[in-house]
Amino acid sequence: MTLRIHNTLTRALENFSPLEPGHVRMYVCGMTVYDLCHLGHARSMVAFDVVQRWLKASGYRVTYVRNITDIDDKIIKRSLENGETVRGLTDRMIDALHQDADALGIERPTHEPRAMDYVPQMLAMIGTLQDKGLAYQASNGDVNYAVRKFPGYGKLSGKSLDELQAGERVAVDDGKQDPLDFVLWKSAKESEPEEVKWASPFGAGRPGWHIECSAMSCEMLGQSFDIHGGGADLQFPHHENEIAQSEGANGQKMASVWMHNGFINVDNEKMSKSLGNFFTIRDVLKEFDAETVRFFVVRSHYRSQLNYSDVHLNDARGALKRLYTALGTVVPDEVTIDWTEPHAARFKAAMDEDFGTPEAVAVLFELAGEVNRTQSAQTAGLLKALGGVLGLLQDDPKAFAQAGAGVDEDAIQAQIAARAAAKAAKNFVEADRIRQALAAEGIVLKDSPTGTTWERG
C-alpha cells in the first residue's frame, strides 16, 4: 500500500512520493523560545516525531529540520523584563525544550537551526523579493511584502484576499501600502538591545518572523522539498506568508505536501500562552509519567482536536498499562517486524493512511489480547516492536507500573515492610490501614507467595 498524506494545500489525501527517490526532506516550524513549552507544543513535536519515525520505518532516509525562533518581539520583551540578554534567555529555554522533548521520547531532528544564525540568508531573500517588485521599504524604515503582487496568495488558507486579515503577530503600520502586507525586515528601535540589531542594505534592524522559516528551509532543504509541517494555527498567516516569500523569490513550489496538526483544547478553547490556559510540559509531568503523556497524544489522529483533562490523562494511563501488563506476563522475543504478518500488515495499512495512529494503536491492543491468551514470546515481541515504531512500550513493564511523578520508592518500601511486620504480629487492622493509606496515594499493593509488590493505580 502506498503512503497517503492529507495535503492541506489541496485539501485531499494524496499518494506520497518524495522529490528525490528514497529521501524525504521535511521542515517543521518549531518553538519561539521565550518561555517553557506547553502541552500544545508537545502535540506538534510528538505528531511529527511519529511522522519521521514512520517514514524511516518505511525505508526512507529522512532529513528532518525543526527550527528554533530565537529572535522575536516576545523574546525581546521577556529578556528586558528578566534583565537578561536575549541569548541568555533563549539558550536557557532551548535547554529546557530539549529536556522536555527528551522526556517525551521525541527524537532530535536532523537539524535544528536557530534564526539568529541565518540573518544573511534572510537578507539575501529579501533583496531578491525587492528586485522582483514583491517587497518595498516603507517610510518608517521597515521592508514589507506586497501581498497583492503575488498571484497565489491565499491558496493555502483557501480564502480570497478580501477575506484575509493581517495575522495577530503582524502589526498594521502606517507605512504599509496595504493592510495585508507583512513585514520582512523591522527597522531598529532605540529601545531594543544592540544584540538584536543587524546592519543591512535597508538600515539597521532585524528580520520579521515569517522570513526566518523561508530562509532556513531553503538553506537546509533546497528551494523545493517534500513536507512542510506545523500546528494548525500556523496555516495563516505564517505558512501562507512563507509560500509567498519562498515561491515569490525562487519561482517554484516550496513544499509538495503541507501538514498541520490539530490543537489541544482546554474547555473547548485552543491551549495557548496568549489565552493563559496552558499547562507546561513540566507541569503535566509532575502529575503523569512521560510515556502516558506521549500515549495520550499518539492514540489520537494528528489532525484531530484533542481535549486535555486529568480524566483523559488517567484514561490514557490505564490503557497504556493494559499493554504493559501483557508484556509483563512473558519475556518478549527480539523481533524483526515482518510487514506481511497479519497484525503488522494492519498496523502498516493504518499508518500508510495519513499516519492513522488510532487504528495502529488498536492493533497493539489486539496483540496484547493475543499475548494474554497464548503467552507467546513471539507475539509479545511483535507487540513491543510495533509499539517502538510509535515510540512506545520500550520500558520495563515493572518500571512502567511504578512510574509516576512524586513517587518515593523508599517510603513505599518502608510502608510495605511495616505492613508485613503488622501482619506477622497479627495486627491486621494496622496492615489494612497501611494498604488503604497507600491506595489513597494511588499505590496498589499486590501480595503473592514470593512477597508484596506495588504499582501505580
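Presented here is an overview of the structure given in this document. (Residues numbered from 1 in each chain as written. Predicted model: local features only at pLDDT ≥ 70, side-chain atom pairs only at ≥ 80, totals over all residues. Heavy atoms only, no water.)

### Side note on the overall build of the protein
On a plain count of helices and strands, the protein comes out with 15 helices and 15 strands. Reported as C-alpha extents along the three principal axes, the dimensions of the protein are approximately 90 × 55 × 35 Å. Buried residues in the protein amount to 52% of all 457 residues. Counting contacts in the protein only where the partners sit at least 6 residues apart, residues at least 24 apart contribute 73% of the total. Carbon together with sulfur atoms contributes 49% to the accessible area of the protein, which is approximately 19,600 Å² in total. (Helix = DSSP H or I, 4+ residues; strand = E, 2+ residues; numbered from the N terminus. Buried < 20%, exposed > 50% of the residue type's maximum accessible area, 1.4 Å probe, protein only. Contact = heavy atoms within 4.5 Å. Areas by Shrake-Rupley, 256 points an atom, 1.4 Å probe, with all protein chains shown as cover.)

### What to know about the sheet that holds strand β7 (residues 182–187)
Strands belonging to one sheet form pairs held by backbone hydrogen bonds; the direction of such a pair is parallel or antiparallel. Pairing is antiparallel across the open sheet formed by four strands, whose spatial order is β5-β6-β7-β8. A strand with exactly one partner marks an edge of an open sheet, and here the two such strands are β5 (135–137) and β8 (205–207). With direction set aside, neighbouring strand axes in the sheet form an average angle of 20 degrees. Relative to β7, strand β6 (residues 143–145) runs antiparallel, the two being bridged by three bridges. Each bridged residue has a counterpart across the sheet, and for Tyr145 the counterpart in β7 is Phe182. Against the sheet, helix α4 (residues 119–131) contacts β5, β6, β7 and β8, and its axis sits at roughly 120 degrees relative to β7. (Pairing = 2+ DSSP bridges. Axes fitted to C-alpha atoms, helices over the stretch in contact; angles between N-to-C directions.)

### A closer look at the pairing of β7
Sheet faces and side chains relate simply in a regular strand, where the side chains alternate between the two faces. Taking burial as the measure, the six residues of β7 include five buried ones, the bulk of the element. The pairing of β7 with β8 spans three bridges and is classified as antiparallel. When the sheet's bridge partners are listed, Trp185 is paired in β8 with Pro207.

### Quick word on the environment of Arg87
Take Arg87: it is sitting in helix α3 (residues 86–103). Residue Arg87 is classed as partly exposed on the basis of its relative accessible area, which comes to 34%. Once residues within four sequence positions are removed from consideration, Arg87 is found in contact with Asp70, Arg114, Asp117 and Glu195.

### Looking at the packing of aromatic side chains
On inspection of all chains with the given rule, the structure shows ten aromatic pairs. Each ring, one from Trp339 and one from Phe347, has its centre 6.2 Å from the other, and the planes form 35 degrees; the classification is tilted. Note on Trp339: relative accessible area 25%, which makes it partly exposed. For Arg317, the ring lying beneath its charged end belongs to Phe400, and the centroid distance is 4.3 Å. (Phe/Tyr/Trp six-rings, centres within 6.5 Å; stacked < 30°, edge-to-face > 60°. Lys NZ or Arg CZ within 6 Å of the ring centre and 35° of its normal.)

### Topic: the packing of helix α8 (residues 290–298) against helix α9 (residues 310–328)
Axis separation between α8 and α9 bottoms out at 9 Å; the angle between their running directions is 100 degrees. Here α8 is positioned roughly perpendicular relative to α9, judged by the angle of their axes. Between α8, through Glu291, Thr292, Val293, Phe295 and Phe296, and α9, the contact on the second element is made entirely by His312, Leu313, Ala316, Arg317, Ala319, Leu320, Leu323 and Tyr324. (Parallel < 35°, antiparallel > 145°, perpendicular 65-115°, else oblique.)

### What about empty space enclosed by the protein?
By the definition in use, this model includes two cavities of 30 Å³ or more. Within this model, the largest cavity holds a volume of roughly 90 Å³. Considering the residues around the largest cavity, the lining is formed by Arg43, Val46, Ala47, Val50, Val51, Val297, Val298, Ser300, His301, Tyr302, Phe355 and Thr357. Listed by contribution, the elements that provide at least two residues to the lining of the largest cavity are α1 (39–57) and α8. With five residues, α1 is the single largest residue contributor to the lining of the largest cavity. When its residues are assigned to classes, the lining of the largest cavity shows eight nonpolar, three polar and one charged. (1 Å grid on protein atoms, 1.4 Å probe; cavity = no way out; pocket = protein on both sides within 12 Å on 5 of 7 lines; lining within 4 Å. Points joined across faces, edges and corners; volume = space filled by probe spheres on them. Nonpolar A, V, L, I, M, F, W, Y, C, P; charged D, E, K, R; others polar.)

### Considering the layout of surface pockets
What the second largest pocket holds in volume is close to 250 Å³. What lines the second largest pocket is a set of twelve residues, among which Pro397, Lys398, Ala401, Lys446 and Glu455 lie closest to the centre. Those elements giving two or more residues to the lining of the second largest pocket turn out to be α9, α13 (397–402) and β15 (451–456). By residue class, the composition of the lining of the second largest pocket is five nonpolar, three polar and four charged.

### Things to note about the sheet that holds strand β11 (residues 264–266)
Read across the sheet, three strands follow the order β12-β11-β13 without closing on themselves; strand pairing throughout is mixed. The sheet is open, and its two edges are formed by β12 (269–270) and β13 (306–307), each paired on a single side. Sheet analysis places β11 next to β12, joined by two bridges and oriented antiparallel. Residue pairing for β12: Asn265 is matched across the bridge by Lys270.

### Some points on the pattern of salt bridges
As enumerated under the stated definition, the model contains 31 salt bridges in all. Of the charged contacts, one joins Arg53 and Glu107 as a salt bridge, the two residues approaching to 3.6 Å between their closest N and O atoms. Of this pair, Arg53 sits in helix α1 while Glu107 sits in the loop between α3 and α4, and the two are 54 residues apart along the sequence. Overall, the relative accessible area of 31% leaves Glu107 in the partly exposed class. For Arg92, the salt bridge is made with Glu84, and the minimal N-O distance between the two is 2.6 Å. We classify Arg92 as partly exposed; its relative accessible area is 40%. Within the structure, one salt-bridge network assembled from shared partners comprises Asp49, Arg53, Lys56, Glu107 and Arg294. (Salt bridge = Lys/Arg side-chain N within 4 Å of Asp/Glu carboxyl O.)

### Some points on α3
For α3, spanning 18 residues, the distance from its first C-alpha to its last is 26 Å, which sits close to the expected 26 Å at 1.5 Å a residue. All of the buried residues along α3 are Val86, Leu89, Thr90, Met93, Ile94, Ala96, Leu97, His98, Asp100 and Ala101. Next to the buried residues of α3 lie α1, β4 (61–66), α2 (73–82) and α7 (281–285). (Expected span 1.5 Å × (residues − 1).)

### Topic: the packing of helix α5 (residues 209–221) against helix α6 (residues 235–250)
Orientation of α5 relative to α6, taken along the N-to-C sense of each, is 55 degrees, at an axis distance of 9 Å. It follows that α5 is oblique to α6 by the angle criterion. Handedness of the crossing formed by α5 with α6: right-handed. Where α5 approaches α6, its residues Trp209, His210, Ile211, Cys213, Ser214 and Cys218 are matched on the opposing element by Pro237, His238, Asn241, Glu242, Gln245, Ser246 and Asn250. By residue class, the composition of the contact of α5 with α6 is five nonpolar, seven polar and one charged. (Left-handed = near helix turned anticlockwise from the far one by under 90°.)

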